[in-house]
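# Coordinate inspection notes
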Amino acid sequence: MPRERPREERHREERPRARPREERRERREHEPERERRREPERERPRPGRPALVARDAARSAARHVRGLTGRTPEGVTSLERTEDGWTIGIEVVETHRIPDSTDILAEYRVELDDRGELVSYRRTERYYRGRAENRT
């Protein structure tokens, strides 16, 4: 009956050997430059598909609003695909009050191009959280 080896020994034997650094560097130097320097998937527009999907457009708009206003976005109120990019509505708490129903909220309208870069933004309205149903 064969003697069973300790678990640590079996584990070491199964691990693939790492190549020496010189060998890896040498291999990279012989690869064509385009193979070494690949662009991220989201930067390469695919035919028939927008360069930026709705979820990424909303996230990008929220980041831009936060960077410009210094306030954390509460949520996305609207999202519309346009010919040149996206138009997104972002809701932000402008003033925190007690009780929360008296917080002052604002909606910012953000326009992005197809890559998610800011084209324009503006505050479209302000309202109390508790009276949001009166908005039109």
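Residues numbered from 1 in each chain as written. Predicted model: local features only at pLDDT ≥ 70, side-chain atom pairs only at ≥ 80, totals over all residues. Heavy atoms only, no water.

### A short note on the pairing of strand 3 (residues 104–113)
- With 8 of 10 residues buried, strand 3 is to be regarded as a mostly interior element.
- Note that strand 2 (residues 85–95) and strand 3 share 10 bridges and pair antiparallel. Paired with T95 across the two strands is I104, which belongs to strand 3.
- As paired elements, strand 3 and strand 4 (residues 118–128) share 9 bridges and run antiparallel to each other. In the sheet register, Y108 faces strand 4, and the bridge partner there is R123.
- Between strand 3 and strand 4, which follow one another and run antiparallel, lie 4 residues, and G116 among them has a positive phi close to 95 degrees. (Buried < 20%, exposed > 50% of the residue type's maximum accessible area, 1.4 Å probe, protein only. Helix = DSSP H or I, 4+ residues; strand = E, 2+ residues; numbered from the N terminus. Pairing = 2+ DSSP bridges.)

### Some details on the packing of aromatic side chains
- On inspection of all chains with the given rule, the structure shows 1 aromatic pair.
- Seen from their ring centres, Y108 and Y121 are 5.8 Å apart, and the 20 degrees between their planes marks the pair as stacked. Placement of Y108 in strand 3 and of Y121 in strand 4 is noted, with a sequence separation of 13 residues between them.
- Looking at Y121, the relative accessible area reads 33%, which means it is partly exposed. (Phe/Tyr/Trp six-rings, centres within 6.5 Å; stacked < 30°, edge-to-face > 60°.)

### Examining the confidence of the model for the protein
- Of all residues in the protein, 60% attain a pLDDT of 70 or more, and the chain-wide mean is 78.
- Confidence drops under pLDDT 50 across residues 39–44; counting only partners more than four residues distant or on other chains, this segment forms 5 contacts. (pLDDT = per-residue confidence, 0-100. Contact = heavy atoms within 4.5 Å.)

### Here's the deal with the nonpolar core
- A57, A61, V65, I88, I90, V110 and L112 are the most contacted members of the largest nonpolar core, which totals 13 residues.
- Broken down by secondary-structure element, the contributors of at least two residues to this core are helix 4 (54–69), strand 2 and strand 3.
- When residues no more than four places from it in sequence are discounted, the contact partners of V110 are A61, V65, W86, T87, I88, I90, L118, S120 and Y121. (Core = buried A, V, L, I, M, F, W, Y, C linked by side-chain atoms within 4.5 Å.)

### Let's talk about the side chain of T69
- For T69, the location among the structural elements is in helix 4.
- Looking at T69, its side chain comes within polar contact range of the main-chain oxygen of V65, at 2.7 Å.
- For T69, the side chain forms a polar contact with the main-chain nitrogen of R71, separated by 3.2 Å. (Polar contact = N/O pair within 3.5 Å; in protein donor to acceptor, adjacent residues only side chain to side chain.)

### Quick notes on the sheet that holds strand 4
- Strand order in this open sheet of 4 strands is 1-2-3-4, and the pairing throughout is antiparallel. Two strands lie at the open edges of the sheet, namely strand 1 (73–81) and strand 4, each paired on one side alone. The mean inter-strand angle of the sheet, taken between neighbouring strand axes irrespective of direction, is 20 degrees.
- As defined by bridge partners, strand 1 adjoins strand 2 across 7 bridges and the pair is classed as antiparallel. In the strand pairing of strand 2, L79 is matched with I88.
- Sitting on the sheet, helix 4 is in contact with strand 1, strand 2, strand 3 and strand 4, with an inclination near 45 degrees to strand 2. (Axes fitted to C-alpha atoms, helices over the stretch in contact; angles between N-to-C directions.)

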